[in-house]
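One-letter residues, chain by chain:
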Amino acid sequence: MRDRLFILSQHLLPKQWLTRLAGRVANARRGRSTTALIRWFVARYGVDMSEAENPDLASYQSFNDFFTRPLKSGARPLADAAFVSPVDGAISRLGDIEDHQILQAKGHHFTTTQLIGGDAELAECFRHGRFANLYLSPRDYHRIHMPCSGRLERMIYVPGSLFSVNPVTARGVPGLFARNERTVCVFRSETHGRFVMVLVGATIVGSMETVWHGVINPKRTGKVAQWDYADREIVLDQGEEMGRFRLGSTVIMLFEKDTIAFNRDWKPECGVRLGEKMGESIT
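These lines cover the structure that appears in this document, whether it is placed above or below.

Scoring rules and cut-offs
- Residues numbered from 1 in each chain as written.
- Predicted model: local features only at pLDDT ≥ 70, side-chain atom pairs only at ≥ 80, totals over all residues.
- Heavy atoms only, no water.
- Buried < 20%, exposed > 50% of the residue type's maximum accessible area, 1.4 Å probe, protein only.
- Helix = DSSP H or I, 4+ residues; strand = E, 2+ residues; numbered from the N terminus.
- Pairing = 2+ DSSP bridges.
- Expected span 1.5 Å × (residues − 1).
- Contact = heavy atoms within 4.5 Å.
- Polar contact = N/O pair within 3.5 Å; in protein donor to acceptor, adjacent residues only side chain to side chain.
- Salt bridge = Lys/Arg side-chain N within 4 Å of Asp/Glu carboxyl O.

**Notes on the pairing of strand E8 (residues 182-189)**
Burial of E8 is extensive: seven of the eight residues sit out of reach of the surface. Summarising the sheet, strand E7 (residues 150-158) and E8 pair through seven bridges and their orientation is antiparallel. In the sheet register, Met 155 faces E8, and the bridge partner there is Cys 185. Relative to strand E9 (residues 193-200), E8 runs antiparallel, the two sharing eight bridges. The residue of E9 that forms the bridge with Thr 183 is Leu 199. Counting the residues between successive antiparallel strands, the hairpin from E8 to E9 contains three residues.

And the structure:
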């Protein structure tokens, strides 16, 4: 009953308004009030500030400065593996893409075409491929890094709803990740072929940002936007930062068929850390 009431509230809440309000609060520079908010958040969610490059809570000018804080150098060494975890978080789902179908939760699927904004030609690259869906909780480090090296080809901003993306909502809202606002980043690896990283927005996620573009969705116009990088040499190495969430969410990765064999220790609901082994190359 509790879960059903939560799902009902997600349909009824003014999610866009709440997200705009959260964004204004997170960007505000209010001195002691900002520091008090940060201290409350750290205590409420058990954030480990000993790993932060700057552990002094009072030095952060805004909540977003704190939330997107960098880690100490060497805090997340990279495993000797073809693919590493791009984030700190927890595994929502991972496994095979059945034709074009991706498992969201028991009884719920969505398609690769839906996820990436309707581009059937791009989706065909991942038919019978593999996917990994990683959830970032409030306490986690919220910068996103590269699972392997890749050259950026395209970026697609897909407008949508802003449901929460926690496990309860994933079980109760059909097609959740293909309904929420998201940014699709398309890369090509000389070794592993084409792969996609999808940054999924959620309730109170102020915005998403990439290292090559900056803030992607400062204004929600409701229109799909695309950027083609064929004429630019944007290459990111394994483990290099590619983007960040300003107030958390989910990263979904798509890989071509016969590309990745996932780490056998990776299972739904298990915690993962940036840089740990995600998988090895099949070919």
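Read on for the rest.
**Considering the sheet that holds strand E18 (residues 277-281)**
Across the sheet, three strands lie side by side as E1-E18-E16; this open sheet has antiparallel pairing. What marks the edges here is a single partner per strand, and that holds for strand E1 (83-84) and strand E16 (260-262).

**Description of helix H3 (residues 32-45)**
For H3, spanning 14 residues, the distance from its first C-alpha to its last is 20 Å, which sits close to the expected 20 Å at 1.5 Å a residue. On its buried face, H3 sits against helix H4 (63-67). Within two residues after H3, Gly 46 carries a phi angle of roughly 65°, on the positive side.

**Digging into the side chain of Asn 263**
Inspection of the secondary structure assignment puts Asn 263 in the loop between E16 and strand E17 (271-272). By relative accessible area, which is 15% here, Asn 263 ends up buried. Within the structure, the side chain of Asn 263 is placed 2.9 Å from the backbone oxygen of Lys 277, a separation counted as a polar contact. If we ignore the near neighbours within four places in the chain, the residues touching Asn 263 are Lys 277, Met 278 and Gly 279.

**Section: the pattern of salt bridges**
What the rule picks out here adds up to 14 salt bridges. Measuring nitrogen to oxygen at the nearest pair gives 2.5 Å for the salt bridge that ties Asp 99 to Arg 127. With Asp 99 in the loop between strand E2 (89-96) and strand E3 (101-105) and Arg 127 in the loop between helix H6 (120-124) and strand E5 (130-136), this pair connects stretches of sequence that are 28 residues apart. The exposure class of Asp 99 is partly exposed, given its relative accessible area of 31%.

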